[in-house]
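Each chain, letter by letter, is given below.
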Amino acid sequence: RGVGTRLVFNMDAWLKGYCFCDSITGFVLFVCFCSVIAQEPPTNVEATVSTPRSIEVTWDASSSFGVTGYIISYSTTASYTSGGNVTVNDGSATSGTLTNLEEDTTYTITVQATRNSGMSGNSNEVSVRTWTDVPSSPPRNIMLASVNPSSLRVSWQLPMEIGRNGPITGHVIRYSRTGSSNTETTTSGTTHTISGLVAFVEYSVEVAAMTVNGTGPFSNSVVEVSGQDVPSAPRSLGTVSINSSSVTLSWIPPATPNGVITGYSIQYANGTVIANFGTVLMGTAGGLLPDTVYELLVTASTRVGPGPPSTVTITTYPGRVAEINILTDAITSSALTLNWMELTITNSAFSRYRVFYLPVRGPYGPIIAGSRRKRQSAQVGELTMDFTGTTGTLTDLHGAVTYRIQVAAIATLGGQEVIGERSDAVEMTTLEGVPTAPRDLKSMDVTNSSVTLTWTRPNPPNGIITMYNVSYVARKQQGGDSLGSDSTIVQPNNCGPSILAYTDLTARAEYRFSVVAYTSEGAGVAAVLSVFTPPNTIGDNTSDDSSNTGVVAAMAAVIVILLVGLTISVVVNVWQCLKIKSFDKSDRNAVRHIHNVEGPSTAKGQEAKGSTDPTYEKVQLRKLDDAVNMDVNPSYNTMKLHDVPEYEEIVTTFS
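Residues numbered from 1 in each chain as written. Predicted model: local features only at pLDDT ≥ 70, side-chain atom pairs only at ≥ 80, totals over all residues. Heavy atoms only, no water.

Visitor: Could you clarify how one ought to interpret the overall build of the protein chain in this entry?
Guide: The secondary structure content of the protein chain amounts to 2 helices and 50 strands. Here the protein chain, with 655 residues, has 42% of them falling under the buried criterion. (Helix = DSSP H or I, 4+ residues; strand = E, 2+ residues; numbered from the N terminus. Buried < 20%, exposed > 50% of the residue type's maximum accessible area, 1.4 Å probe, protein only.)

Visitor: What should I look at first to understand the sheet that holds strand 41 (residues 498-502) in this one?
Guide: Whenever strands of a sheet pair, they do so through backbone hydrogen bonds, lying parallel or antiparallel. Overall, antiparallel pairing links the 3 strands, which are arranged 37-38-41 in an open sheet. What marks the edges here is a single partner per strand, and that holds for strand 37 (439-444) and strand 41. Averaged over all adjacent pairs, the angle separating strand axes in this sheet is 15°, with direction ignored. In this sheet, strand 41 lies alongside strand 38 (residues 451-456) in antiparallel orientation, the contact comprising 5 bridges. Looking across to strand 41, one finds that leucine 453 is bridged to leucine 500. (Pairing = 2+ DSSP bridges. Axes fitted to C-alpha atoms, helices over the stretch in contact; angles between N-to-C directions.)

Visitor: Just checking my understanding: could you explain the pattern of salt bridges for this structure?
Guide: Pairing is possible between side chains that carry opposite charge, provided their charged atoms lie close to one another. Enumeration over the complete set of coordinates arrives at 12 salt bridges. Note that arginine 129 is salt-bridged to aspartate 104, the shortest N-O span being 2.9 Å. On the criterion of sequence distance, the pair formed by arginine 129 in strand 11 (residues 126-129) and aspartate 104 in the loop between strand 8 (95-98) and strand 9 (106-115) is long-range, its members being 25 residues apart. (Salt bridge = Lys/Arg side-chain N within 4 Å of Asp/Glu carboxyl O.)

Visitor: Would you mind showing me how to read the side chain of glutamate 432 here?
Guide: Within the secondary structure, glutamate 432 is located in the loop between strand 36 (425-429) and strand 37. A polar atom in the side chain of glutamate 432 sits 3.3 Å from the backbone nitrogen of isoleucine 464. (Polar contact = N/O pair within 3.5 Å; in protein donor to acceptor, adjacent residues only side chain to side chain.)

Visitor: How should I be thinking about unusual backbone geometry in this particular structure?
Guide: Peptide bonds are mostly trans, and most non-glycine residues show a negative phi. A cis amide bond links asparagine 459 with the next residue in sequence, proline 460, at an omega value of 0°. Of note, proline 460 is situated in the loop between strand 38 and strand 39 (467-476). Although it is not a glycine, asparagine 44 adopts a positive phi angle of roughly 55°. Not every positive phi belongs to a glycine, and aspartate 445 is a case in point at roughly 55°. For aspartate 445, the location among the structural elements is in the loop between strand 37 and strand 38. Assessed through its relative accessible area of 38%, aspartate 445 is described here as partly exposed.

Visitor: In this structure, what is going on with the sheet that holds strand 13 (residues 151-157)? I would like to understand it.
Guide: Taking strand neighbours across the sheet as the criterion, the 3 strands line up as 12-13-16 in an open arrangement whose pairing is antiparallel. Where the open sheet ends on each side, the last strands, each with one partner, are strand 12 (140-148) and strand 16 (191-194). Direction aside, the axes of adjacent strands within the sheet are offset by 20° on average. Sheet analysis places strand 13 next to strand 16, joined by 4 bridges and oriented antiparallel. The residue of strand 16 that forms the bridge with serine 155 is threonine 191.

Visitor: How should I be thinking about the packing of aromatic side chains in this particular structure?
Guide: For the structure shown, the criterion picks out 15 aromatic pairs. Ring centres of tyrosine 511 and phenylalanine 513 lie 6.2 Å apart, and the angle between their planes is 20°; this geometry places the pair in the stacked category. The same class applies to tyrosine 511 and to phenylalanine 513, which are both buried. Through a chain of ring-to-ring contacts, three or more aromatic side chains come together here, namely Trp340, Phe350, Tyr353 and Phe387. (Phe/Tyr/Trp six-rings, centres within 6.5 Å; stacked < 30°, edge-to-face > 60°.)

Visitor: Teacher, can you tell me more about the environment of threonine 506 here?
Guide: Assignment of secondary structure puts threonine 506 in the loop between strand 41 and strand 42 (509-519). The exposure class of threonine 506 is buried, given its relative accessible area of 13%. Once the C-alpha coordinates of threonine 506 and threonine 533 are considered, the two residues, 27 residues apart in sequence, prove to be 7.2 Å apart.

Visitor: Looking at this structure, I do not really get the environment of leucine 144. What am I missing?
Guide: Here leucine 144 is to be found in strand 12. A C-alpha to C-alpha distance of 9.8 Å links leucine 144 and histidine 192, two positions 48 residues apart in sequence.

Visitor: Which parts of the structure should I look at to understand the pairing of strand 44 (residues 527-532)?
Guide: A regular strand places its side chains on the two faces of the sheet in alternate fashion. Residues Ala527, Leu529 and Val531 of strand 44 are buried on one face, while the alternating residues Val528, Ser530 and Phe532, pointing to the opposite face, are not. When strand 42 meets strand 44, the two strands line up antiparallel, connected through 6 bridges. Counterpart to tyrosine 511 in the pairing with strand 44 is valine 531.

Nothing here speaks to function; it is all geometry.
In C-alpha cells:
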C-alpha cells in the first residue's frame, strides 16, 4: 500500500490483543508493534464433599473471551485408585460434580477453561477428602479352631483397603448351631474366643467389619465342631438275665454323648471295673457271688474319658445245691428217694427246692434216640417235682429206666420266683417192674378157619420183655357153647411187631384173645381182642367144625406168604436187634455222678437234643388227640411213630 500504511489485526490462539504494523519500505516489509494479553483460567475454585463418593466443585468464570467450557481434573495418592477429569461443555458454567469416587480418599482438584483452539492454564489447586461409609467388603481369611469342649477361637484379616471405606472400628461375630438361631458378639481386634458352647456340636461362624458409619457385609460361613467332652450317663439301664454268678445288663446311649462313644464299662459301687465293652449296648459281669446284693454302675466314655454312671441294684440267684444222695434201699420200679444238703439263703426269700429229672436210658437203650425199638417210656423230656425240705421221692417213674437228676433252690426276688443254679447231676436206674399191656393188638387176614394177630411191645416195658403168653377162649356165635381154649408162649420180637397166626379155627365162632407180656418181675396187664370168624361159604357141605380141602389149601398159601414176609423183616432188622442190651440187674443200684451238667430244656412242643443214636438226628414231640397207625413216606425218608396214644414222635433219618 506504500510507506505509512498501518495494519491492525487480532492475535490468534489464547493471546488477546492487537498488532500495529507500519510499512517502512513501501513494499512488503512491515515493522509491527503488538500488545499481548494472556487467556485467564477460572478463579476461586472450591470443592465440597456431597456424598461418600462425590464432590461438588465451584469456580469463578474465566475473564477471557471465547470460553466454550471447563475441564475439572482430580488426582489422588491412594494406591487403590487413580485420578481423572470431568468436562463441562458450557462456557458460562461455574460448577461441576465428580462422581464414582472412593470413600475416605483425599483428592486434589484443578479447573481449566477451554475454547475452540485450546485451553487455559490450571486454576488454583484444592484438596478434599471424601466421607467414610460402611465397609463394602467383608473380612478375609476367616479361621476357626476348637479350644475346648465349650469354646471356639476365630481369627481373620481386615477387609481389602479399597473396601474398608473408612477406619475399621470393630467387628461383629455371628455364630449359630446347626438348625438354631444366630448369636452375635463384637470385638475390636482380629481374634476372638467364643465361649459357652455345647460340646461336640457343629457351629458356623461369620465375621463383618464396622466403621463409624455401620457394619459391612458378613463373610462366608466357616464351620467347625466344638471339642469332645465326657458323655452323660447311659439311659434305660436294666437287667437282661441273672444267675448265681453273673448278670447281663442292657442300656441305650447317653442323651448327650458330647463326642464319639468309645466304649462302656460295668463297675462295682467302689469304682472297680468288672468288665469293659466296646460300643455294644449289652454286657455281662461275671465272677459274682451267689445270693448277694450288688450295686452296679455303667458308664460311657469318649476320648476325653468316662462320664457319670447309671446305677442298678441286683441280687444274684441262690447258689448251687450240694451233693445229692440217692437212698438205694428206697428204690423201686416206680419211685426214687433222694436227699441233699440244705442251702443257706440270706438275701432272698427261700421258697422251695425243685428236682429236675430226665429219663435218659431204658432197658433197650437211649429213650429219645427215635427208634421204634427204643420206645421204652411215655416220659419224654425233663420232668420236675417241688419239695419244701431236703428230702424228696420221685413217683410215677417207669421201671428199668435211668433218670438224670438235679436239684435247685427256688427263691423270691422282687415278687418274682427265680431258680438258682442247679446241682451236679446224678443218674439212677429204677428196678424192673411188671410191664404194661402190649400195644396195638390187632387181627388181620380173618377167614372162617384162621386169623393172624399182631402187637407191639408195651410202653413202658418196665424192663426187658422175656416172653408173651397168648391165649384164647372160643365159643360158638349161636348158642354160646364153649369151643375150648388154648395158650401159646411167644418170644418177643424186639425189632418190630410180634406176629402169631392161628389155623384150624371154627367158622362162625368168637375167639377172645389175651396177650400178656412178662419181665423178670412177672406178668403184666393183658391186652384183649375179640375176633369173629365168618361162616363157611355157600356150597360148602362141611360143618362149621371142619375145613374143606380148598380152604385148607388157601390158608396154607396165606401162611406161607406171611412166613416169607416175616423172615424178610427179621433179616432186615436183625442187626438192630443185636444192639439191644439186656437190663443188668447188677446195675440197678449204681449211681453215676455227672458234674457240671445243666438240665435240658426239652419239653413237649420243643426240640429234644442229646441223642446218642447216630441214625436219628432230631426228635420233636407234639400232643395228639388220637393215636393213628405208623405212616412211612419213602420220598422224604420220614417215619411218623404213634407208639404212645398221647404223643406223636416225628423222626428224620439221614443216610
